Amino acid sequence: MRKITQVPKVFSLESEGLVLRGEIARKSSKLFCMQANLNGSLELVCDISGESFFKDFDESLVLYISDGLWDMQSQSLKLDDFDVIEFFDGFIDIGYILESEIASIKMDYHTKES
């Protein structure tokens, strides 16, 4: 986190057919902003038939990352708590963020027709 400044750093990471590509920049001393796109094709299971199918994704993501505990009440920025990810070891784990997004997609309701 110490190496990230207000000048955005570009990143790209791929997992399970999805690519998370974007940039991350410092917003304040303990807050970072990630603006990224999630593109690719992911294998899902239809909740009606149980059959596997591939679904294409092209989504924009804006996430905020806190260096340590995020205390929304003491912040002047008006952010939704769900948009802030806390990391405690001084490193931003982009792989963890990508895997969390994939897990979230897989837990959603999916049908082959939609």
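Structure's up top.
For clarity, every value in this text was computed on a predicted model and none was experimentally measured.

Chemist: So what exactly am I meant to see when it comes to helix α1 (residues 94–107) here?
Modeler: Turn by turn, an α-helix covers 3.6 residues, leaving residues three or four places apart pointing in a common direction. The first and last C-alpha atoms of α1 sit 20 Å apart over 14 residues, in line with the 20 Å expected at 1.5 Å per residue. Those residues of α1 lying buried are Ile94, Ile97, Leu98, Ile102 and Ile105. Each buried residue of α1 lies within a common arc of 135 degrees when the element is viewed along its axis, so the set occupies one face. Along its buried surface, α1 packs onto β1 (9–15), β2 (18–28), β3 (31–45), β4 (52–67) and β5 (84–87). Where α1 starts, the residue carrying a side-chain oxygen 3.2 Å from the main-chain nitrogen of Gly95 turns out to be Asp93.

Chemist: Looking at this structure, how should I read the nonpolar core?
Modeler: What tends to happen in soluble globular proteins is that the nonpolar side chains get buried as a cluster. Counting residues in hydrophobic clusters, the biggest one holds 26 residues, and the most contacted among them are Leu20, Ile24, Met34, Ile65, Ile92 and Ile97. Elements supplying a minimum of two residues to this core: β2, β3, β4, β5 and α1. In terms of residue count, β3 provides more of this core than any other element does, 6 residues in total. For Met34, the contacting residues outside a window of four places in its chain are Phe11, Glu23, Ile24, Leu61, Val62, Leu63, Ile65, Ile94 and Ile97.

Chemist: What is the right way to look at the environment of Tyr64 in this model?
Modeler: Along the chain, Tyr64 falls in strand β4. When the C-alpha positions of Tyr64 and Glu86 are compared, they lie 8.7 Å apart, and in sequence the two are 22 residues distant.

Basis of the calculations
- Within any chain, residue numbers begin from 1 and follow the written order of that chain's sequence.
- Totals for whole chains, interfaces and linings use every residue, but because this is a predicted model, local features are given only for residues with pLDDT of at least 70 and side-chain atom pairs only at 80 or more, for both listing and counting.
- Side-chain measures were taken over the full set of non-hydrogen atoms in the model, leaving aside hydrogen atoms and water.
- Each helix is a run of DSSP H or I of at least 4 residues and each strand a run of E of at least 2, with the numbering of both proceeding from the N terminus.
- Expected helix span is computed as 1.5 Å times (number of residues minus one).
- Only protein chains enter the calculation, and the probe is 1.4 Å; a residue is then buried if its accessible area is under 20% of its type maximum, exposed if over 50%, and partly exposed in between.
- An arc is given here, and it is the one of the directions from the helix axis to the C-beta atoms.
- A contact between two residues is defined here by any heavy atoms of the two lying within 4.5 Å.
- For the purposes of these results, a polar contact is taken to be a pair of N or O atoms within 3.5 Å, where, inside protein, one atom must be able to donate a hydrogen and its partner to accept one; residues adjacent in sequence count only when each atom of the pair is a side-chain atom.
- Buried residues of nine kinds, namely Ala, Val, Leu, Ile, Met, Phe, Trp, Tyr and Cys, make up a nonpolar core once their side-chain atoms join them within 4.5 Å.

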